[in-house]
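# Chain and residue survey
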Amino acid sequence: ILSGWLADRIGAAAALALSYLLGALCLAAVAFAGTNVPLAMLAVFGAGVGLIGGQSLTNATAAIIYPTEIRSTGIGWATGLGRVGSIVGPAVAGYLHAMNAAAGVIFLLATIPALCAAIAIIAVVLPHAGWLGLLGTVPIGLLAYRYRIRVPITATIAAGVICFLVVGFSGF
């Protein structure tokens, strides 16, 4: 409801980007909440509002962005990639947990797809902003450098490929 109201006020693409940014910030807050239960509950609520609200706006935004001739194909690919992420994400989190990664690190890694989604939607909507798609690789690269984990290094490469697939070379 909040996402739909916001989309009516500022536009679907801007509301989608803001929803994913809210979700990423709240997931990061979960990572830093520690034993502060009220903060953790508020952060989880905000992450749900941002991420689930953003997901509900994805189809509406895709219907606006894609030309009529390829709209169903574009929405199908976007939904399919989202399903792949919903399968791979928990598997990666389980792998990191098995490697004894701290819960905070796992939550920080969970912010990366939301940040990539926000950057990608901004890069698609703004004219001459295709280079912003490259920013999707920055958070993963920083975590890979900091924690020296093979999974984030591989994810950096995957994020770069996904950003170029989503954004393309339209802004260059």
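Parameters and conventions
Residues numbered from 1 in each chain as written. Predicted model: local features only at pLDDT ≥ 70, side-chain atom pairs only at ≥ 80, totals over all residues. Heavy atoms only, no water. Helix = DSSP H or I, 4+ residues; strand = E, 2+ residues; numbered from the N terminus. Contact = heavy atoms within 4.5 Å. Areas by Shrake-Rupley, 256 points an atom, 1.4 Å probe, with all protein chains shown as cover. Core = buried A, V, L, I, M, F, W, Y, C linked by side-chain atoms within 4.5 Å. Buried < 20%, exposed > 50% of the residue type's maximum accessible area, 1.4 Å probe, protein only. pLDDT = per-residue confidence, 0-100.

## Examining the overall build of the protein chain
- A tally of helices and strands in the protein chain yields seven helices and zero strands.
- Of the regular secondary structure in the protein chain, the N- to C-terminal order runs α-α-α-α-α-α-α.
- Long-range pairs, those at least 24 residues apart, make up 64% of the contacts in the protein chain between residues at least 6 apart in sequence.
- Summed over all atoms, the accessible surface of the protein chain reaches about 10300 Å², with 74% contributed by carbon and sulfur.

## Here we look at the nonpolar core
- Grouped together as the largest cluster of nonpolar side chains are ten residues: Ala7, Ala12, Ala13, Ala15, Leu16, Ala17, Tyr20, Leu57, Ala118 and Ile121.
- Residue assignment for this core shows that the elements contributing at least two residues are α2 (12-33) and α5 (103-125).
- Looking at which element gives the most residues to this core, the answer is α2, with six residues.
- The residues contacting Ala12, other than those within four sequence positions of it, are Ala7, Leu57, Thr61 and Ile64.

## Re the confidence of the model for the protein chain
- Here the protein chain shows a mean pLDDT of 76. Residues at 70 or above account for 72%.
- Taken element by element, the protein chain is modelled with least confidence in helix α6 (residues 138-147), mean pLDDT 56, and with most confidence in α2, mean pLDDT 89.
- Here residues 168-172 is a poorly scored stretch, pLDDT under 50, and it has eight contacts once near neighbours within four places are set aside; other chains count.

## Points about unusual backbone geometry
- With phi around 65°, Asn100 is a residue other than glycine that occupies positive phi space.
- On the secondary structure map, Asn100 appears in the loop between α4 (71-98) and α5.
- Overall, Asn100 belongs to the exposed group, its relative accessible area being 71%.

## Quick notes on the environment of Ala7
- Here Ala7 shows up in helix α1 (residues 2-10).
- Judged by relative accessible area, which is 14%, Ala7 ranks as buried.
- Between the alpha carbons of Ala7 and Leu18 there is a distance of 10.0 Å; along the sequence they are eleven residues apart.
- Apart from residues no more than four positions distant in its own chain, Ala7 is found in contact with Ala12, Ala15 and Leu57.

## Some remarks on the side chain of Ser19
- Inspection of the secondary structure assignment puts Ser19 in helix α2.
- If sequence neighbours within four positions are ignored, Ser19 has contacts with Ser3, Gly50, Leu51, Gly53, Gly54 and Leu57.

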